[in-house]
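Below, each chain spelled out in residue letters.
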2 protein chains.
Amino acid sequence: MIRHPAFPVEPWVVRETSLDLDALAQTESVFALANGHIGVRGNLDEGEPFGVPGTYLSGFYELRPMPYAESGYGFSESNQTVVNVTNGKIMRLLVEDEALDVRYGVLRNHERVLDLRAGVLERKLEWETPSGRLVRIASTRLVSFTQRAIAAILYEVEAVTEPTTVVVQSELVANESLPEPADGDPRVAAALRAPLESELFTEHDTRSVLVHTTHASRLTVAAGMDHVIDGAADTEHFVEGFADLGRLTVSATVKPGKPLRIVKFIAYGWSENRSVPALRDQVGAALAAARRDGWDGLVAQQAAYLKDFWDRADVEIDGDVELQQAARFALFHVLQAGARTERRAIAAKGLTGPGYGGHSFWDSESFVMPVLTYTMPDAVRAALMWRYDTLDLARERAKQLNLAGATFPWRTIGGEECSGYWPASTAAFHINADIAAAVSTYIAAVDDEEFERTAGITLLVETARLWRSLGHHRPDGTFRIDGVTGPDEYSALADNNVYTNLMAQRNLRAAADIVARHSLQAGELGANDEEAASWRDAAEKIAIPYDEALGVHPQAERFTEHAHWDFEATRPDQYPLLLHFHYFDLYRRQVVKQADLVLALQRCGEHFSAEEKARDFDYYERITVRDSSLSACTQAVVAAEVGHLELAFDYLCEAALIDLRDLMANTRDGLHIASLAGTWIALVCGFGGMRDQSLPLSFAPRLPAELTRLVFRICFQGRRLRVEVTRTHASYMLTAGAALEIRHYGKAAKVERRRRLTLPIPRAPRRDAPTQPRGRAPERRRPDAD
Amino acid sequence: MIRHPAFPVEPWVVRETSLDLDALAQTESVFALANGHIGVRGNLDEGEPFGVPGTYLSGFYELRPMPYAESGYGFSESNQTVVNVTNGKIMRLLVEDEALDVRYGVLRNHERVLDLRAGVLERKLEWETPSGRLVRIASTRLVSFTQRAIAAILYEVEAVTEPTTVVVQSELVANESLPEPADGDPRVAAALRAPLESELFTEHDTRSVLVHTTHASRLTVAAGMDHVIDGAADTEHFVEGFADLGRLTVSATVKPGKPLRIVKFIAYGWSENRSVPALRDQVGAALAAARRDGWDGLVAQQAAYLKDFWDRADVEIDGDVELQQAARFALFHVLQAGARTERRAIAAKGLTGPGYGGHSFWDSESFVMPVLTYTMPDAVRAALMWRYDTLDLARERAKQLNLAGATFPWRTIGGEECSGYWPASTAAFHINADIAAAVSTYIAAVDDEEFERTAGITLLVETARLWRSLGHHRPDGTFRIDGVTGPDEYSALADNNVYTNLMAQRNLRAAADIVARHSLQAGELGANDEEAASWRDAAEKIAIPYDEALGVHPQAERFTEHAHWDFEATRPDQYPLLLHFHYFDLYRRQVVKQADLVLALQRCGEHFSAEEKARDFDYYERITVRDSSLSACTQAVVAAEVGHLELAFDYLCEAALIDLRDLMANTRDGLHIASLAGTWIALVCGFGGMRDQSLPLSFAPRLPAELTRLVFRICFQGRRLRVEVTRTHASYMLTAGAALEIRHYGKAAKVERRRRLTLPIPRAPRRDAPTQPRGRAPERRRPDAD
């Protein structure tokens, strides 16, 4: 779907002007609506045709057994998989005696618009029945940011030429049949067939509620709907209930200019503890509240919520309107993934599709939270509180692994480890440092003393304990961390992965610092100055391998002595490599799936000189294939820092357009939330040059030739900072809060409220452009050609 | 089953004087009979009670799907699992109206004797029925070494006090129900339920044949039986056939001194290609041939075959009669595993049980063939020809793994890779060098020009190609082999494993040499002097890491920098460690499951100075836990070489008694054939000090205090060499063949036929005894106490 003609570029909306059935599954992901709590894919109102039908609830999963050809101690046994729950978005339509199905009759026109300011998905179509009747349908769908249990649909049907009898069936459907997953690709979640057992169904007047429980995980979900019907005088309705179906049937005559208008309110409630009647009543109450505010009320609340968000978070880009659109689309979906999780996980796909089984990974802390920390800090607090809530599971897992402290799962929904291949999961201990870094960053950016004294100190201490027990000292005092897997999944079980060790170092120091600041709370955790000193010592002596001969950092010890990958002999159809080459072959060679050492250059940049960064970046560019979506944004940031601005721009665009252009060819399974978050990272940390590892916040902005102006906004310690970057200057201004010290290209500066501080941007160093493996350079973007 | 009172020690038999039902499964393995082609466990004649019923055919398996929680490219998809085929050893007995079952009535006495010279299992029992009748039963069972398709039973039942009516039912039973496997231990083969589909059954007079095919692997097996009945005049019989049952029923009156005597001949034929009628006829013909020789003929052939074997291979030990017995028991079972495989695999458990799914591993080439090469070279030829037959599969696997040449499977029955956990299988490339070493050793020890020019050169060339493509050169010319797993399964995916690299070096050089010797055949394989030169270069420059600070060889690069295992904190019930600790934790620490670097000290000893060996051995003793049965014998050999003779003796005894004393607590699943072979290795290469990596053969014999004399015999290049070792001297003598040059403690010597060359044994160097991890020292053996 590269540069799809049906997607004209507009800065504040994503518009599709005709329906491409082959791209249906992809557009369902692109047009998905969510609030972090509930998510609905952009399936057509009438239910069919569909690519992947999907309605998801945060933290709602079924369990599947995990089989092993040869099992081993500590292998995960049970997989949590996101469930397609009761579908409340179905509005079937009968026109005279023809059911609306866009595959039949004539689709005169069809338009869908995702409005990023209104927070709604609009759809308009004109359909001529096979027998020649013409109707016009308009639907608007939202998932409310303000009433988190609620989604709503405004459905209007109107005759175009003559009075027409229509029947609308508004449904709740449980246990929809799903398409079979594509074979052979382990990344596609296994479809779950009929996961829901009926517990109860009720119906009354315009309302229906279905309650179901999953077979194995024993989670209960109640789904309800209520309606407001506005039609001609002859309009009639009745409601029915069955175990897996609730249905309101409305029949009416519609005339030109006299539409039948139905507002549908949909509510979900779910729990592992609450009873069936309690959940039934909970959705009933949510429906009543929504109905009281009415459609217009919900729409107004939604717009207000988004206005506030964009005021805080909008990024303005001059010079590339498609990138502008993509950046806002990306931020909108990051918001949708994280806004109202309220102590549940932010999944890799958000709530937009079944990919990765609905699991949350390190993506959440490493890519999504860096954005949310500065744009929607409450969402970060909620997501970190979810980690805190799962601490006992993580402690248990550490014990099982013969380690101290806590070991968080590589992939999970509920907190239990759900990985089935341990070298690329259990061994990827860096996730614990990633969580700790998210905690530290949040604490630094937000004045939240209560968090710091509860979840903050606990998470930092327990992860520091993990590192202290995972590493060991050599006779010369060096602290080594052996046999772990870094971010790059084309290496595994290596010694002293630089990213892991530097992040562990940060984790250990942060824990020692917070123990010093909060000795009372530390005492409750059994931590004291002696333990903190042992963390500081380990951090101080942590091994950071360096290849003197090459003058670069190996991503792990001896990495640079490994065999090279034969990129010349690798065909384009052999990417992603993991589907065409055995892990052993990938692991033993210098081929990199995704930024690893380069991620260390970004996140732990203070450990590298400018020249080291340039050499390291150049070295890893030559061997990084980006078979992961968690790479381009990092490469963009470091490319920008070392002076490869055009390359940085190309990587930024790849991160930003990953789903709008389906660059990984799997947007159908859901959006790449981390890559979308990476758009903001590439802009703010790349071209804005923002770094937050140590305070004051520092900036080193510099634009590529393609852009003339960049504006971004961040929330920081109760302030709001606006940064505007042009080719020659950067302007800093606070729109709220007290004066703030920052660093601009290493020099201290003070930013004040409503006063623009303009500073010059030095020239970029001139360096030869690095090369990438054959065929793996990012697409060279030419905004003019659009 | 330590020092079981029912096992008195005798040098040429293993005798059990009473029946212990709790040890039934173990004794079924100990009393298993096999000829390398068919194998029957020592199940009681009457079928029940049983521990694990088992009848196995070499190369006969069913396929099972291999599931993965997260699959990957090149993961094995289908598992070959040994099948318990049609059971022909059942002889049920009804005494008056009571069925013989040792759990009921009174078992007056019960004795089983495995006669290592006769090659038969004898059983005698007196049983009093619940109603008081007393019968005496004698059965003798053999699996013929001379007629490889044939097993036979002589079954005699006699009344002790008064005339008694008996009914004997001699059966063929397909699809016996099996006990459920013990849960949680991945090493126990999954039981296969009803694996056989009936194709045909016939019966006539005293004969019955059943033909079945496996569901998935589509292998067909015919099992037949015929009988000679000798009883009182009133003896009657009839035969019946069913899909899964053939049954001959004999009824007779037996009196004291007038037994009913039944000879049962059992024949098997199986194939993936031959038709059902062809296999039916094949077993019919085998039965006819056996019947023609008769019971006495089969028994006489068996004894002659074994006399010849013991003349060639017997090892005499003075000073420890239990060890003498164990050594012969071990050699007997090695013979049973390898004798008549005739181009099929030698499995880790031989044909004695379902353990490891009936798979063959590197054990075969690395532990069993070194024994067979010098005692039964034809068996080695046949087993290596099996590898040769599977070369196309190994070439395909290499291609799949992006490698040149051939990659042999880590575990298999038919030649396809059946491992379900690749870090400890696919990555254990050393198996290819182990196969090459077996080829080289066979070629050196046996004048077999034809083998050398066909299978020999092909196996060496294709494995050399593998190494050449698996390794790579560094800028300084070093040839590295990264990311592989050595013999020690508590490490994985390490760089430059010393054992692997030294064995690869040998492989590369052997291939280069054979190409030089046979340029015509090399040409047919596409090999030439240029390619051979590249093998020699790689071999010359192969990386052998060394830890200068410690003065020892790390088993793989940086191994000695890894964390130590906390042996003090490890409880005895936490062994084997792999069932109580996660692989990641084992892999990152200095804890060794089984000899790895120490195996290199034995097999590639020429690369280490005597002092290096002593230091290395000492270092690895401190961290080797022997959670594998493939370790004690190697530790015995190297302990003997470096002068720790008592320790060597203890390790020898552990290897030798592993199954007689059930030291690994899993003899029930089958015997540890490689450890039994290791008994010979510990004696001949340990206390005999034999080394064969380069010619002439060298010896450095030295006895421990516990032994006064050791005699062993080897076949070598058409000669037979007898070596006798006492405390002070070694005598070498040829009993057949032309004069032979050897080395004795490094000095050349010539051994002639029928002339005893006696040479003095130097004193052992005095070294402090090494220590082992807490609780993991071998049991100190006190032969006097027996």
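Colleague: How do you make sense of the overall build of chain A when you look at a structure like this?
Modeller: In terms of helices and strands, chain A carries 17 helices and 31 strands. Taken against the 2.2 N^0.38 rule, which gives 28 Å for 786 residues, the C-alpha radius of gyration of chain A at 27 Å falls within 12% of a compact globule. Its C-alpha atoms give chain A principal-axis dimensions of about 90 × 60 × 55 Å. In chain A, buried positions account for 66% of the 786 residues. Taking the contacts inside chain A whose residues are at least 6 apart along the sequence as the reference set, 68% of them involve residues at least 24 apart. Of the roughly 26,500 Å² of accessible surface on chain A, a fraction of 48% belongs to carbon and sulfur atoms. Each charge class in chain A was averaged separately, 87 positive and 109 negative side chains, and the resulting centres sit 5 Å apart.

Colleague: Sorry if this is basic, but what is going on with the interface of chain B and chain A here?
Modeller: A common measure of how large an interface is: the accessible area buried when the components associate. In this complex, chain B contributes 51 residues to the contact, which on the side of chain A involves 51 residues. Across the chain B to chain A interface the summed buried area is about 4,200 Å²; carbon plus sulfur atoms make up 56%. Counting the surface chain B buries against chain A, the share from its top three residues, Tyr73(B), His582(B) and Phe584(B), is 17%. Here chain B is connected to chain A by 6 salt bridges.

Colleague: Is there a simple way to explain the environment of Arg781(B) in this structure?
Modeller: Here Arg781(B) is to be found in the segment after strand S31 (757–760). Here Glu322(B) takes part through its side chain, which lies 3.1 Å from a polar atom of the side chain of Arg781(B).

Colleague: Where do I start with the relation of the copies chain B and chain A in this structure?
Modeller: Under the fitted operation, chain B is carried onto chain A by 0.0 Å of movement along the axis and a turn of 180°, and the coordinates agree to an RMSD of 0.0 Å. Look at the turn and shift together and you get a two-fold axis relating the two. Considering only C-alpha atoms, the residue of chain B closest to the rotation axis is Tyr68(B), which sits at 2.4 Å. An overlap of 100% is found between the interface residues of chain B and their copies at the interface of chain A, pointing to a shared contact surface.

Colleague: Teacher, can you tell me more about the pairing of strand S30 (residues 747–751) of chain A here?
Modeller: Side-chain direction in a regular strand flips from residue to residue, so the side chains alternate between the two faces of the sheet. All names here are of chain A. Summarising the sheet, strand S29 (residues 740–744) and S30 pair through 5 bridges and their orientation is antiparallel. Bridging from a neighbouring strand, Leu 740 pairs with Val 751 of S30. Counted along the chain from S29 to the antiparallel partner S30, the turn is 2 residues long, and its residue Tyr 745 has a positive phi close to 50°.

Colleague: Explain the sheet that holds strand S4 (residues 55–57) of chain B to me, please; I cannot follow it from the model alone.
Modeller: By way of backbone hydrogen bonds, the strands of a sheet pair with one another, either parallel or antiparallel. Residue and element names in this part refer to chain B. Spatial ordering of the open sheet is given by S2-S3-S4, a layout of 3 strands whose pairing is antiparallel. Pairing within the sheet leaves two strands with one partner each, and these edge strands are strand S2 (33–34) and S4. With 2 bridges connecting them, S2 and strand S3 (residues 38–40) associate as antiparallel partners. The partner of Ala 34 across the bridge, within S3, is Gly 39.

Colleague: I would appreciate a short explanation of the packing of helix H3 (residues 321–338) of chain B against helix H16 (residues 645–657) of chain B in the present structure.
Modeller: A packed helix pair is summarised by two numbers, namely the angle formed by the two axes and the spacing between the axes. All names here are of chain B. In the contact formed by H3 and H16, the axes pass within 9 Å of each other and the chain directions differ by 50°. Our classification of the angle between H3 and H16 gives oblique. Judged by the twist between their axes, the crossing of H3 over H16 is left-handed. Here H3 contributes Glu 322, Leu 323 and Ala 326 to the contact with H16, which in turn contributes Phe 649, Leu 652, Cys 653, Ala 656 and Leu 657. Grouping the constituent residues of the contact of H3 with H16 by class yields 7 nonpolar, no polar and 1 charged.

Colleague: Help me understand the environment of Leu248(A), please; the structure alone is not making it clear to me.
Modeller: All names here are of chain A. Residue position: Leu 248 is located in strand S18 (residues 245–254). Overall, the relative accessible area of 0% leaves Leu 248 in the buried class. With 297 residues separating them in the primary sequence, Leu 248 and Pro 545 have C-alpha atoms 67 Å apart. Residues in contact with Leu 248, not counting those within four places in the same chain, are Val 168, Gln 169, Ser 170, Asp 205, Thr 206, Met 225, His 227, Ile 229, His 237, Phe 238 and Val 239.

Colleague: In this structure, what is going on with the side chain of Ser144(A)? I would like to understand it.
Modeller: Residues and elements named next belong to chain A. Position of Ser 144 among the secondary structure elements: in the loop between strand S11 (134–143) and strand S12 (150–159). Judged by its relative accessible area of 0%, Ser 144 falls in the buried class. The residues contacting Ser 144, other than those within four sequence positions of it, are Asn 35, Ile 150, Leu 298 and Gln 302.

Colleague: Mind showing me how you'd approach the pattern of salt bridges here?
Modeller: If charged atoms from side chains of opposite charge come close, those side chains can pair. Scanning all chains against the criterion turns up 142 salt bridges over all chains. For the salt bridge of Asp573(B) with Arg571(B), the shortest nitrogen-to-oxygen distance reads 3.0 Å. Accessibility expressed as a relative area gives 47% for Asp573(B), which makes it partly exposed. Given the relative accessible area of 45%, Arg571(B) is considered partly exposed. Measuring nitrogen to oxygen at the nearest pair gives 3.1 Å for the salt bridge that ties Asp585(B) to Arg589(B). Neither Asp585(B) nor Arg589(B) differs from the other in exposure class; each is buried. What you see here is one network of salt bridges that share partners, running through Glu316(A), Asp318(A), Arg709(A), Arg713(A), Arg722(A), Glu724(A) and Arg756(A).

Colleague: What exactly am I supposed to notice about the sheet that holds strand S13 (residues 164–173) of chain A here?
Modeller: Pairing within the open sheet is antiparallel, and its 5 strands lie in the order S8-S7-S13-S18-S17 (chain A). Of all the strands in the sheet, the pair left with one neighbour each is strand S8 (98–99) and strand S17 (236–241) of chain A.

Colleague: Explanation requested: the pairing of strand S15 (residues 207–214) of chain B in the structure shown.
Modeller: Residue and element names in this part refer to chain B. With 7 of 8 residues buried, S15 lies mostly within the body of the structure. With 8 bridges joining them, strand S14 (residues 196–204) and S15 adopt antiparallel strand pairing. Residue pairing in the sheet places Glu 203 in a bridge with Ser 208 of S15.

Colleague: Just checking my understanding: could you explain the nonpolar core for this structure?
Modeller: Across soluble globular proteins, you tend to see nonpolar side chains buried next to one another. By size, the foremost hydrophobic cluster in this structure holds 474 residues, and its most contacted members are Phe687(A) and Phe687(B). Non-local contacts of Phe687(A), meaning those with residues more than four positions away in its chain, are made with Ala640(A), Leu645(A), Ala648(A), Phe649(A), Leu652(A), Ala682(A), Pro701(A), Arg702(A), Leu703(A), Pro704(A), Leu707(A) and Leu710(A).

Colleague: Explanation requested: H16(B) in the structure shown.
Modeller: Residue pairs spaced three or four apart in an α-helix point in one direction, given the helix's 3.6 residues per turn. All names here are of chain B. Between its first and last C-alpha atoms H16 spans 18 Å; for 13 residues at 1.5 Å apiece the expected length is 18 Å, and the two agree. Counting buried residues along H16, 11 of its 13 residues qualify, which places the element largely inside the surrounding structure. Here H16 has its buried residues at Leu 645, Leu 647, Ala 648, Phe 649, Asp 650, Tyr 651, Leu 652, Cys 653, Ala 655, Ala 656 and Leu 657. Buried-residue contacts for H16 involve H3, helix H14 (610–621), helix H15 (632–642) and helix H17 (673–687).

What counts, and at which threshold
Residues numbered from 1 in each chain as written. Chains lettered and ligands numbered in written order. Predicted model: local features only at pLDDT ≥ 70, side-chain atom pairs only at ≥ 80, totals over all residues. Heavy atoms only, no water. Helix = DSSP H or I, 4+ residues; strand = E, 2+ residues; numbered from the N terminus. Rg over C-alpha atoms; globule rule 2.2 N^0.38 Å. Buried < 20%, exposed > 50% of the residue type's maximum accessible area, 1.4 Å probe, protein only. Contact = heavy atoms within 4.5 Å. Areas by Shrake-Rupley, 256 points an atom, 1.4 Å probe, with all protein chains shown as cover. Lys, Arg positive; Asp, Glu negative; His and termini not counted. Charge placed at Lys NZ, Arg CZ, Asp CG, Glu CD. Buried area = accessible area lost by both parts, 1.4 Å probe. Salt bridge = Lys/Arg side-chain N within 4 Å of Asp/Glu carboxyl O. Polar contact = N/O pair within 3.5 Å; in protein donor to acceptor, adjacent residues only side chain to side chain. Least-squares fit on C-alpha atoms with pLDDT ≥ 70 in both. Pairing = 2+ DSSP bridges. Axes fitted to C-alpha atoms, helices over the stretch in contact; angles between N-to-C directions. Parallel < 35°, antiparallel > 145°, perpendicular 65-115°, else oblique. Left-handed = near helix turned anticlockwise from the far one by under 90°. Nonpolar A, V, L, I, M, F, W, Y, C, P; charged D, E, K, R; others polar. Core = buried A, V, L, I, M, F, W, Y, C linked by side-chain atoms within 4.5 Å. Expected span 1.5 Å × (residues − 1).

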